[in-house]
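# A structural walkthrough
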Amino acid sequence: KDDIVTEDKIDVLRTIGYLDENNGLDYMFLGSVLILLLLLWGVLATFMKSFTQKSFNSRNELMLIASIMVLTIFLAWMAKNFFPDYAPYITIGFIAPVLLAIFLEIQLAVMVNLIITMAVSVMFKDNLTFIIMLVINGTIAAFLSANASQRRRISLAGLAIGAANIFIIFCMGVIEKKDWPTLLNESGIAFLNGILSVILAIGLLPFLESIFNMITPLKLLELGDPNHPLLKRLLMEAPGTYHHSLMVGNLAEVGTRAI
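Residues numbered from 1 in each chain as written. Predicted model: local features only at pLDDT ≥ 70, side-chain atom pairs only at ≥ 80, totals over all residues. Heavy atoms only, no water.

### What to know about the overall build of the chain
To keep it simple, the criterion reads: Elements are defined by DSSP. Helices are runs of H or I of four residues or more, strands are runs of E of two residues or more, and each kind is numbered from the N terminus. Throughout, the radius of gyration refers to the C-alpha atoms, and the reference size of a globule is 2.2 Å times the residue count to the power 0.38. Residues are treated as being in contact if the distance between any of their heavy atoms lies within 4.5 Å. Residues counted as positive are Lys and Arg, residues counted as negative are Asp and Glu, and His and the chain ends are not counted. Charge coordinates come from a single atom per side chain, which is NZ of Lys, CZ of Arg, CG of Asp or CD of Glu.
In terms of regular secondary structure, the chain is built from 13 helices and zero strands. Against the 2.2 N^0.38 benchmark of 18 Å for 259 residues, the chain shows a C-alpha radius of gyration of 23 Å, more extended than a compact globule. If you line up the chain on its principal axes, its C-alpha atoms span 90 × 40 × 30 Å. Taking all contacts inside the chain whose residues are at least 6 apart in sequence as the whole, residues at least 24 apart take part in 71%. Seen as two clouds, the 17 positive and the 20 negative side-chain charges of the chain have centres 12 Å apart.

Below is the structure:
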C-alpha cells in the first residue's frame, strides 16, 4: 500500500500470480474452486456412506451438516474480508465439530472438521498455523462435546480449545521466528476464539433443534425436568406409574451404558 508501482514490480506480481489482468469474472478460478469443493464433498459423502449410513440416509441430518458447514465457511469469509490481518485467529471454525458431536457422532464431527479445514485453507493458503489449529482443536472439540449432557461441559471444551490455541500459536510462532508482542497478541485473540466458538454453538443449539426437529442430550434433560407440567400431573394422578417409569428408565440407562 502507498508504494509506487514500477514496471519491475508489475513483472514480479505477474510472475507470482498476484496480478489480476482479467476483465470480468475469472472463470478458471471459479471453476477450480468448484471442482475442489465437489471433490471434498465426494470424500465426505463416501465416508458417510461407509461409516455413518444412518446420517447419509437422513435428509434432516444431511441438511443439518450442510447448514453448519456453510455457516462455518461463511464466518471464515467474513473474517477474511473484515479483519484480514487477524482473520486466521478469529475465524470461528470450531462450532462445526462441537455441534455435530452433540447432534450426531464423533467420527462424523471429526471428518466434517477436516473437510471444512481443507475448504477454508484455500482462503488462508499462506497460513499453516491456521490449518494446524483447526485440525487439532477441531478434533479436541468433537471429543470433549460428544454426548454432553450439561452446558458446563461444553463451556469447559471452549476453555480447552482456547488453551490449545495458545500452545499451537506459541509453538508455530517460535518455529516461524515471530517476536513476543506478535505472539502474545495472536495467542490472546485465538484464546477468545475458542471461547466464542463454544458460546455461539450453545446459542445455536435450541434453534437447530427446532429447525431440524432433532433431539440432543440437553433437550432430553429439559424434557425430563420434574417441574414439567405433564410430569407433575403424572406424579399427582398416577404416582405408581411415575415411580415405575423412573425405575425402568434407570435400569435401561445402566444396561445401555454397559452395552
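### Overview of the nonpolar core
Side chains of nonpolar character tend, in soluble globular proteins, to be buried together. For clarity, the cut-off: Take the buried Ala, Val, Leu, Ile, Met, Phe, Trp, Tyr and Cys residues and link them wherever side-chain atoms come within 4.5 Å; each set so joined is a nonpolar core. Type-normalised accessible area, obtained with a 1.4 Å probe on protein chains alone, sets the label of each residue: buried when under 20%, exposed when over 50%, and partly exposed for intermediate values.
The biggest cluster of nonpolar side chains holds 55 residues, and the ones touching the most others in it are L44, I65, L99, F103, L108, V112 and I154. For this core, the secondary-structure elements that each account for two or more residues are helix 2 (27–51), helix 4 (59–82), helix 5 (87–90), helix 6 (95–103), helix 7 (106–120), helix 8 (128–145), helix 9 (151–175) and helix 10 (180–212). Ignoring any residue separated from it by four or fewer positions in sequence, one finds F103 in contact with L64, L205, L208, E209, M214 and T216.

### Section: the environment of L100
Along the chain, the position of L100 falls in helix 6. Taking relative accessible area as the criterion, L100 reaches 0% and is therefore assigned buried. Separated by 124 residues in the primary sequence, L100 and G224 have C-alpha atoms spaced 23 Å apart. When residues no more than four places from it in sequence are discounted, the contact partners of L100 are I65, I68, E105, A109 and V112.

### A short note on the pattern of salt bridges
Note the threshold: One speaks of a salt bridge when a side-chain nitrogen belonging to Lys or Arg is within 4 Å of a carboxyl oxygen belonging to Asp or Glu.
Applying the stated rule across the entire model yields four salt bridges. One salt bridge in this structure joins K54 and E61, with 2.6 Å as the shortest N-O distance. Using a relative accessible area of 7% as the deciding quantity, one classes E61 as buried. Residues E237 and R233 are paired through a salt bridge, measuring 3.2 Å at the closest nitrogen-oxygen approach. Residue E237 and its partner R233 are both found in helix 12 (residues 229–237); the two are separated by four residues, about one turn of the helix.

### Some remarks on the packing of helix 6 against helix 10
What counts is decided by this rule: Geometry is summarised by axes, namely lines fitted to C-alpha atoms with helices restricted to the contacting stretch, and by angles between N-to-C directions that run from 0 to 180 degrees. To sort the angles, those under 35 degrees are grouped as roughly parallel, those over 145 as roughly antiparallel, those from 65 to 115 as roughly perpendicular, and the leftovers as oblique. Crossing handedness is read from the near helix: turned anticlockwise from the far helix by less than a right angle, it gives a left-handed crossing, and turned clockwise, a right-handed one. Note on residue categories: nonpolar means Ala, Val, Leu, Ile, Met, Phe, Trp, Tyr, Cys or Pro, charged means Asp, Glu, Lys or Arg, and polar means any other residue, Gly included.
At a closest axis distance of 9 Å, the pairing of helix 6 and helix 10 adopts a crossing angle of 45°. Taken together, the axes of helix 6 and helix 10 are oblique relative to one another. The handedness of the crossing between helix 6 and helix 10 comes out as right-handed. Contacts between helix 6 and helix 10 pair I95, V98, L99, I102 and F103 from the former with S197, L200, A201, L204, L205, L208 and E209 from the latter. Its residues assigned to classes, the contact of helix 6 with helix 10 comprises ten nonpolar, one polar and one charged.

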